[in-house]
Amino acid sequence: MTPDGNGRSGPEGHTTARTDAMPDPDMQCAGFRQARLARKTALIEDYVELIDDLLHEGQEARQVDIAARLGVSQPTVAKMLVRLEADGLVTRRPYRGIFLTEAGHDMAGQSRERHHTVERFLRALGVSEVNARIDAEGMEHYVGTETLDAFRHALDAGLADFVRSRLKKTD
C-alpha cells in the first residue's frame, strides 16, 4: 500500500492504482461463507468419490488403498471413516471394506459431475489434460451452481472450437 492508501506496491516496487472497489458487505460475506463451506465439505467429497471409484473399478475400498491414493496415513483415514459413517455416507463391515450408502453414492455422483464439468471447461480453454485434471480436483469444490451451469452452457455452445479458432488466428 502506498503512503496515501490509494494503491499497492506491484512488481519491482511499482505502485499500481486500485481499480476494484470493495464488494457489498453481504456479497462479500456470501463469498466467504461459500468458501468456508467448500473447505469443510471438500475432504468429505474427496473420500466419498474415491471410495466410489474404487468400488466401480471392482476393487474393495480398503483403508490402506484410500490412504495410498490420498497420500495420507491410515490413522487419518480411520478418523475420517468414523466421521463418514456418523454422517451416514459409508458403512463398514469387518474384514470386508467400506461401502457407500445411498447418500454417499449421491454425493459421489454430484462431486464427479462437478469435477467432470470443470475439467472439460479447463480443457476447452487449452489447459493440458494433466493440469486440467489436477486443477479441477481442487476447483470442483469451490464452484457454485450458477458458474457450473455457465461452464456447461459455454461447452455446449462450442467453447473448445471457439478457443481453438482464436488460437489459430494468433499463431
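Please read all numbers here as calculations on a predicted model, not as lab measurements.

Asks: Which residues make up the overall build of the chain, and what values do they have?
Replies: When its secondary structure is counted, the chain shows seven helices and four strands. Along the chain, helices and strands appear, N-terminal first, in the series β-β-α-α-α-β-β-α-α-α-α. Partitioning the intrachain contacts of the chain with sequence separation of at least 6 by distance along the chain shows that 51% fall at a separation of at least 24. Of the roughly 11,500 Å² of accessible surface on the chain, 54% is carried by carbon and sulfur atoms.

Asks: Go over the nonpolar core with me, naming the residues and quoting the values.
Replies: Val48, Ile51, Ile66, Leu84 and Ile98 are the most contacted members of the largest nonpolar core, which totals 18 residues. Breaking this core down by element, the ones donating at least two residues are α1 (25-56), α2 (63-70), α3 (74-86) and β4 (97-100). Among the elements that take part in this core, α1 stands out by supplying six residues, more than any other. Every residue in contact with valine 48, bar those within four places of it in the chain, is listed here: Leu84, Leu89, Leu100, Gly104, Met107 and Ala108. Leu122, Ala124, Ala132 and Ala136 belong to the second largest nonpolar core, which has 12 residues in total.

Asks: Outline the packing of aromatic side chains, listing residues and values.
Replies: Applying the stated rule across the entire model yields one aromatic pair. A ring pair is formed by phenylalanine 121 and phenylalanine 151, whose centres lie 3.8 Å apart and whose planes are at 5 degrees; its orientation type is stacked. Residue phenylalanine 121 is found in helix α4 (residues 102-124), and its partner phenylalanine 151 is found in helix α6 (residues 145-156); the two are separated by 30 residues along the sequence. According to the relative accessible area criterion, phenylalanine 121 is buried, its value standing at 14%. Under the relative-accessibility criterion, phenylalanine 151 is labelled buried at 13%. The ring of phenylalanine 99 is capped by arginine 93, whose NZ or CZ atom sits 4.6 Å from the centre of that ring.

Asks: Now, about the pairing of strand β3 (residues 90-93): what can you tell me, with residues and values included?
Replies: As paired elements, β3 and β4 share four bridges and run antiparallel to each other. Its bridge partner lying in β4, arginine 92 is registered against isoleucine 98. Between β3 and β4, which pair antiparallel one after the other, the connecting turn spans three residues, and tyrosine 95 there sits at a positive phi close to 65 degrees.

Asks: So what's going on with unusual backbone geometry? Which residues, and what values?
Replies: Positioned with a positive phi, tyrosine 95 is a non-glycine residue whose angle comes to about 65 degrees. Residue placement: tyrosine 95 occurs in the loop between β3 and β4. According to the relative accessible area criterion, tyrosine 95 is exposed, its value standing at 84%.

Asks: Please set out the side chain of arginine 114 residue by residue, giving values where relevant.
Replies: With respect to the helices and strands, arginine 114 occurs in helix α4. For arginine 114, the side chain forms a polar contact with the side chain of glutamate 45, separated by 2.7 Å. Among the polar contacts listed, one links the side chain of arginine 114 to the backbone oxygen of glutamate 140, at a separation of 2.9 Å. Among all residues touching arginine 114, those that are not within four sequence positions of it are Glu45, Glu140, His141, Val143 and Leu148.

Asks: Could you give an account of the packing of α4 against α6, with specific residues and numbers?
Replies: At a minimum axis separation of 10 Å, α4 and α6 run at an interaxial angle of 50 degrees. With respect to α6, the axis of α4 lies oblique. Of the two elements, α4 crosses α6, and the hand of that crossing is left-handed. Only Leu148, Phe151, Arg152, Ala154, Leu155 and Asp156 of α6 make contact with α4, whose side of the interface consists of Glu113, Arg114, Thr117, Val118, Arg120, Phe121 and Ala124. For the contact of α4 with α6, the per-class residue count stands at seven nonpolar, one polar and five charged.

How each quantity is defined
Residues numbered from 1 in each chain as written. Predicted model: local features only at pLDDT ≥ 70, side-chain atom pairs only at ≥ 80, totals over all residues. Heavy atoms only, no water. Helix = DSSP H or I, 4+ residues; strand = E, 2+ residues; numbered from the N terminus. Contact = heavy atoms within 4.5 Å. Areas by Shrake-Rupley, 256 points an atom, 1.4 Å probe, with all protein chains shown as cover. Core = buried A, V, L, I, M, F, W, Y, C linked by side-chain atoms within 4.5 Å. Buried < 20%, exposed > 50% of the residue type's maximum accessible area, 1.4 Å probe, protein only. Phe/Tyr/Trp six-rings, centres within 6.5 Å; stacked < 30°, edge-to-face > 60°. Lys NZ or Arg CZ within 6 Å of the ring centre and 35° of its normal. Pairing = 2+ DSSP bridges. Polar contact = N/O pair within 3.5 Å; in protein donor to acceptor, adjacent residues only side chain to side chain. Axes fitted to C-alpha atoms, helices over the stretch in contact; angles between N-to-C directions. Parallel < 35°, antiparallel > 145°, perpendicular 65-115°, else oblique. Left-handed = near helix turned anticlockwise from the far one by under 90°. Nonpolar A, V, L, I, M, F, W, Y, C, P; charged D, E, K, R; others polar.

Shape descriptors only; they carry no functional weight alone.
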